[in-house]
Amino acid sequence: MSDPDDAADFNPDDVDVFTPEIARCPQATYALMRDKCPVLYRGAGMPFGMAIISRFDDVMFALRNPDIFSSAMDVQLALGTERPMIPQQIDPPEQTRFRKLLDPYFSRKRMSALAPKLRAHANELIDRFYDEGECEFDAAFAIPLPCIAFLDLMGLPHSDLDLFLSFKDNIIRPQKNHPDAVDHGLIRADTGKQIYAYFEDVLRERRANPTEDFLGYLVQAEIKGDRLTETEMLDICFLQILAGLDTVTATLGCNLAYLAENPAHRQQVVDDPGKWDGAIEELLRWESPVTAIPRVLKQDVTLRDIDLKKGEMVTLLIGAANTDDDEFGNAQDVDFARSGNRHIAFGAGAHRCLGSHLARMELVVALEEWHKRIPQYQIKPGETPVFSAGIREALYLPLVWKPN
Ligand code: HEM
């Protein structure tokens, strides 16, 4: 769609919410979709599913009814996996068994314990570029910090940072490290094998020498005699790489881009760091870095008079749901003191994000430490940030400030 603000020109066939141009500032497009085509049916052959659902109520209906809107879809080939990833590509009740085993480890208390070490790492990263008065935020901070947090969670050495970054890039965006490659499926399949092999080795070691980290927990986790098998552990670890790294990276980039362009909002948290929790929740709602999640229909269903058929893919547009005026008062205002902010940036229902406490801890640590050191900054004059579609990572976010 050429101009999302021009409602008069609106033609549902032109809507493509998954472009880098729209990803930079998607909220106006979301509003048009909710208003003009809340269930946008496309039919076969469309890249992100055959129907896109954008109103909060409809998205919640889908998330709360996994018996109709299933997560068990055949996307293995696209991600280099050999089996469904656990628990995201499994439906309840089987999925519930995994969440019972995994949820206790990801408690708020346990994740908070990782914060002091991460604060130190955040400052080490800032030390590397602070005196230069500028950095490309994605590469310098938003990519490495969540990966360091991930390695600490897993109990893996920081020397494996580059290896993990290549794992996730080769699966999610193989063109980044292989610009000339023709067959991305091969790169994904090969990387998938390396990921399984890496974790097979570490899990063997953990069984021999149990530890307190997440991988040590996995080999020991038990509820009433029920324990995870080796393949289940591998399918859990695979998902951790895909779910836990890019999501936080993208959220940090979206947040810094917003705060760079909205200095009055930034000043609120600089003046009163006690406002960070509210600011982070509001930015998760407004920016919704994970814009959409896929489902496949297990049965026919009619939504807003549109008939959807068993077997069809649907895309739940989380970003549009989170900016729906029917659910959020003054939804188009970014209000760091918003009360009752029940956003669904972490999803909802059975598959609600396993790592939300970890993610929130990482966001608080990263944003607090950054703003202690660099409270005033802007997007480098003359430069334009570049965002990716789908997961809204700020792939290019040049920032400048005056060092002391
Ligand atoms: C700000 C950062 C994050 C955002 C916005 C986010 C968002 C989401 C969303 C929307 C879902 C639901 C997917 C669905 O229903 O299909 C989800 C699920 C999940 N997330 Fe996150 N996530 C974040 C960080 C993390 C982190 C740090 C981890 C772990 C280390 C993680 C692990 C998972 C897992 C394992 C699931 C699947 C849960 C299940 O299917 O039961 N996420 N996340």
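Scroll up to find the structure.
Read on for an overview of the structure. (Residues numbered from 1 in each chain as written. Predicted model: local features only at pLDDT ≥ 70, side-chain atom pairs only at ≥ 80, totals over all residues. Heavy atoms only, no water.)

1. Here's the deal with a nonpolar patch on the surface
Here's step 1: Together, Val386, Leu395 and Tyr396 make up an exposed nonpolar region whose accessible area comes to about 220 Å².
Here's step 2: For Val386, a relative accessible area of 40% translates into the label partly exposed. (Patch = residues over 30% accessible without salt bridge, like charges linked within 9 Å, V, L, I, M, F, W, Y side chains within 5 Å. Areas by Shrake-Rupley, 256 points an atom, 1.4 Å probe, with all protein chains shown as cover. Salt bridge = Lys/Arg side-chain N within 4 Å of Asp/Glu carboxyl O. Buried < 20%, exposed > 50% of the residue type's maximum accessible area, 1.4 Å probe, protein only.)

2. Describing the side chain of His121
Here's step 1: With respect to the element layout, His121 can be found in helix H7 (residues 115-129).
Here's step 2: For His121, a relative accessible area of 11% gives the class buried.
Here's step 3: Look past the residues within four positions of His121 in its chain and what remains in contact with it is Leu145, Ile148, Asp152 and His158. (Helix = DSSP H or I, 4+ residues; strand = E, 2+ residues; numbered from the N terminus. Contact = heavy atoms within 4.5 Å.)

3. Considering the site of the ligand
Here's step 1: Around the ligand there are 24 residues in total, and Gln95, Arg99, Arg295, His351 and Cys353 lie nearest to it.
Here's step 2: The contact in question runs from an oxygen atom of the ligand to an N or O atom on the side chain of Gln88, over 3.3 Å.
Here's step 3: A distance of 2.7 Å is found between an oxygen atom of the ligand and a side-chain nitrogen or oxygen belonging to Arg295.
Here's step 4: Taken together, the elements giving at least two residues each to the shell around the ligand come down to helix H5 (94-102), helix H13 (230-244), helix H14 (246-261), strand E7 (292-297) and helix H18 (356-373).
Here's step 5: In terms of residue count, the dominant contributor to the shell around the ligand is H13 (four residues).
Here's step 6: Looking at the shell around the ligand residue by residue, the classes come out as 13 nonpolar, nine polar and two charged. (Near = heavy atom within 4 Å. Polar contact = N/O pair within 3.5 Å; in protein donor to acceptor, adjacent residues only side chain to side chain. Nonpolar A, V, L, I, M, F, W, Y, C, P; charged D, E, K, R; others polar.)

4. Considerations on the sheet that holds strand E3 (residues 69-70)
Here's step 1: Pairing is mixed across the open sheet formed by five strands, whose spatial order is E1-E2-E10-E7-E3. Taken across any chain shown, the strands that pair with only one partner, and hence form the sheet edges, are strand E1 (39-41) and E3.
Here's step 2: Two elements, E3 and E7, share two bridges in a ladder whose sense is antiparallel. Within E7, the residue paired with Ser70 across the bridge is Val296. (Pairing = 2+ DSSP bridges.)

5. Side note on the pattern of salt bridges
Here's step 1: Counting across every chain of the model gives 28 salt bridges.
Here's step 2: We note a salt bridge from Lys372 to Glu369, for which the minimum N-O separation is 2.8 Å. With Lys372 and Glu369 both in helix H18 and three residues apart, the pair spans about one turn of that helix.
Here's step 3: Linked through salt bridges whose partners overlap, the residues forming this network are Lys168, Asp169, Arg173, Lys176, Asp246 and Glu393.

6. Some details on the sheet that holds strand E4 (residues 134-136)
Strand pairing within a sheet occurs via backbone hydrogen bonds; the two strands may be parallel or antiparallel.
Here's step 1: In spatial order, the strands read E4-E14-E11; together these three strands make up an open sheet with antiparallel pairing. Single-partner strands in this sheet number two, and they are E4 and strand E11 (378-379).
Here's step 2: In this sheet, strand E14 (residues 398-400) lies alongside E11 in antiparallel orientation, the contact comprising two bridges. When the sheet's bridge partners are listed, Gln378 is paired in E14 with Val400.

7. As for the packing of helix H9 (residues 144-154) against helix H10 (residues 161-172)
Here's step 1: Running from N to C, H9 and H10 point in directions that differ by 110°, and their axes come no closer than 10 Å. By the angle between their axes, H9 is roughly perpendicular relative to H10. Between H9 and H10, the residues in contact are Pro144, Cys147, Ile148, Phe150 and Leu151 and Leu161, Phe164 and Leu165, respectively.
Here's step 2: Across the contact of H9 with H10, the residue classes break down as eight nonpolar, no polar and no charged. (Axes fitted to C-alpha atoms, helices over the stretch in contact; angles between N-to-C directions. Parallel < 35°, antiparallel > 145°, perpendicular 65-115°, else oblique.)

8. Quick notes on the environment of Asp326
Here's step 1: Following the sequence through the fold, Asp326 ends up in the loop between helix H17 (318-321) and H18.
Here's step 2: Between the C-alpha atom of Asp326 and that of Asp57, which follows or precedes it by 269 residues, the distance is 8.7 Å.

9. Observations regarding the coordination of the iron atom of the ligand
Here's step 1: Counting protein donors around the iron atom of the ligand gives one, Cys353 (SG), at 2.3 Å.
Here's step 2: Along the chain, Cys353 falls in the loop between H17 and H18. (Donors = N, O, S within 2.8 Å, 3.2 Å for Na, K, Ca; no water.)

10. A short note on the pairing of strand E10 (residues 313-317)
Here's step 1: Within E10, four of the five residues are buried, which leaves it mostly tucked inside the rest of the structure.
Here's step 2: Pairing analysis gives three bridges linking strand E2 (residues 51-53) to E10, with the strands arranged parallel. Its bridge partner lying in E10, Ala51 is registered against Val314.
Here's step 3: Sheet analysis places E7 next to E10, joined by five bridges and oriented antiparallel. Bridged to Val296 within E10 is Met313.

Such coordinate-based values are descriptive only and should not be taken to indicate function.
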